[in-house]
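# Structural overview for review
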Amino acid sequence: MAAAEAAEPGNLAGVRHILLVLSGKGGVGKSTISTELALALRHAGKKVGILDVDLCGPSIPHMLRAQGRAVHQCDSGWVPVFVDQEQSISLMSVGFLLESPDEAVVWRGPKKNEAGGEPASRHRPLPRGITAPGSGLSRSLGWPGWPHIREERALIKQFVSDVAWGQLDYLVVDTPPGTSDEHMAAVEALRPYGPLGALVVTTPQAVSVGDVRRELTFCRKTGLQVVGVVENMSGFVCPHCTECTNVFSQGGGAELARLAGVPFLGSVPLDPELTRSLEEGGDFIRDFPQSPAFPALSSIAQKVLSEAPARLS
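Let me sum up the structure you'll find in this document. (Residues numbered from 1 in each chain as written. Predicted model: local features only at pLDDT ≥ 70, side-chain atom pairs only at ≥ 80, totals over all residues. Heavy atoms only, no water.)

Moving on to helix α2 (residues 30–43). For an α-helix the count is 3.6 residues per turn, leaving residues at separations of three or four pointing the same way. The end-to-end C-alpha separation of α2 is 20 Å, in line with the 20 Å expected for 14 residues at 1.5 Å each. With 12 of 14 residues buried, α2 lies mostly within the body of the structure. If you check which residues of α2 are buried, you get Lys30, Ser31, Thr32, Ile33, Ser34, Thr35, Glu36, Leu37, Ala38, Leu39, Ala40 and Leu41. Looking at the residues trailing α2, positive phi occurs at Gly45, about 90°. (Helix = DSSP H or I, 4+ residues; strand = E, 2+ residues; numbered from the N terminus. Expected span 1.5 Å × (residues − 1). Buried < 20%, exposed > 50% of the residue type's maximum accessible area, 1.4 Å probe, protein only.)

We now examine unusual backbone geometry. Unlike most non-glycine residues, Arg65 shows phi in positive territory, near 55°. Note on placement: Arg65 falls in the loop between α3 (60–63) and β3 (72–74). A residue is classified by how much of its surface remains accessible, and Arg65, at 54% relative accessible area, is exposed. Even without being a glycine, Met233 presents a positive backbone phi close to 55°. As for its placement among the helices and strands, Met233 is situated in strand β11 (residues 225–237).

Okay, the packing of α2 against helix α11 (residues 293–311) next. As a packed pair, α2 and α11 sit with axes 9 Å apart at the nearest point and diverge in direction by 70°. As summarised for this structure, α2 and α11 are arranged roughly perpendicular, according to the angle between their axes. Facing Ile33, Glu36, Leu37, Ala40 and Leu41 of α2, the residues of α11 in contact are Leu297, Ala301, Val304 and Leu305. (Axes fitted to C-alpha atoms, helices over the stretch in contact; angles between N-to-C directions. Parallel < 35°, antiparallel > 145°, perpendicular 65-115°, else oblique. Contact = heavy atoms within 4.5 Å.)

What follows is about helix α8 (residues 252–260). Residues of α8 that are buried: Gly252, Gly253, Leu256 and Ala257. Along the axis of α8, the buried positions cluster into a sector of 130°, meaning they face one direction only. Relative to its buried face, α8 has exposed residues pointing more than 90 degrees away, namely Arg258 and Leu259. Summarising the contacts, the buried residues of α8 are in contact with β10 (196–202), α7 (206–222), β11 and β13 (264–270). At the C-terminal side of α8, Gly261 shows a positive phi close to 70°. (Arc of directions from axis to C-beta.)

All right, on to the nonpolar core then. Judged by nonpolar contacts, the single largest core of 82 residues is most densely connected at Leu51, Met92, Phe159, Trp165, Leu171, Val268 and Val304. Residue contributions to this core peak at eight residues, all from α11. The contact partners of Met92, leaving out residues within four places of it in the chain, are Ile50, Leu51, Asp52, Val71, Trp78, Val79, Pro80, Phe159, Val163 and Trp165. (Core = buried A, V, L, I, M, F, W, Y, C linked by side-chain atoms within 4.5 Å.)

Right, let's talk about the pattern of salt bridges for a bit. In the structure shown here, the tally under the stated rule is seven salt bridges. As a salt-bridge pair, Arg258 and Glu255 come within 2.6 Å of each other at their nearest N and O atoms. Within this pair, Arg258 and its partner Glu255 are both found in helix α8, separated by three residues, close to a single helical turn. With relative accessibility at 55%, the residue Arg258 sits in the exposed group. Relative accessible area serves as the criterion here: at 35%, Glu255 is assigned to the partly exposed category. Two residues, Glu307 and Arg311, come together in a salt bridge whose shortest N-O distance is 3.0 Å. (Salt bridge = Lys/Arg side-chain N within 4 Å of Asp/Glu carboxyl O.)

Attention now goes to the side chain of Asp52. Mapped onto the secondary structure, Asp52 falls in strand β2 (residues 48–52). Of the buried charged residues, Asp52 lacks a salt bridge, with Lys30 as the closest side chain of opposite charge at 9.5 Å. Look past the residues within four positions of Asp52 in its chain and what remains in contact with it is Pro58, Ser59, Ile60, Pro61, Leu91, Met92, Ser93, Val94, Phe159 and Asp174. (Lys, Arg positive; Asp, Glu negative; His and termini not counted.)

Right, dumping it as structure tokens:
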């Protein structure tokens, strides 16, 4: 880490721990785990920020009932959206830049992380004075009033540096699937601000575990400290008899963690109440303490609270 970079923490100066939620494939529930981890940490008395950099599938605003909220500006940069009255969870997402939740963010070419990229979707104009997600955006949309991004920096890097997070115990970063350019951009942008932790999500079946094994290799090569592995969709809980059926096999996440020599944080079952809570933007941790998924998510949060400070110190 360069001394100059370490000396200017900027808007991340008040963030104690940064956790990237990663996986080697899509559809394993990274956004679900990110959302429920943030809620569980909040109920443990922590202040949490969520940075949703899944550029093509920003679903966390919906999961937290924050879609359609406006992003404003202060002297320090962009103000994240607070999702609760106590302002204990703050959120910044590319989803706030979409004109409607049905719009798609389609990036042309290899420049997702560069200002020259050309997103083909329509976007919501931000308040006066906020820089746009890239100079290519205003050109492709024909909106000449949108200012150029400062120094042609990438949207991901701007999200990292220009969001005024304030004091946070944890910043949870929901990433796209795979080990693509977005991951490198996020890691490189966040690295100067302290040790980075990784929470790796898989599902039980062998195909998913194989893909996620490559994600652990990515973490090792990029110097990310793996806080632990979470196995999501670990069986289906019947809403009538509460019996759990292992639809997608079982034990893959625990075995992966054992082979990689990293902590296994727990297994989260498929639970209709969890699905309904996410679809309605509810607080699952508060509303469903009797749900089979509740103890699993609460235990994962407690293990993160015990593992993260030691591994990221």
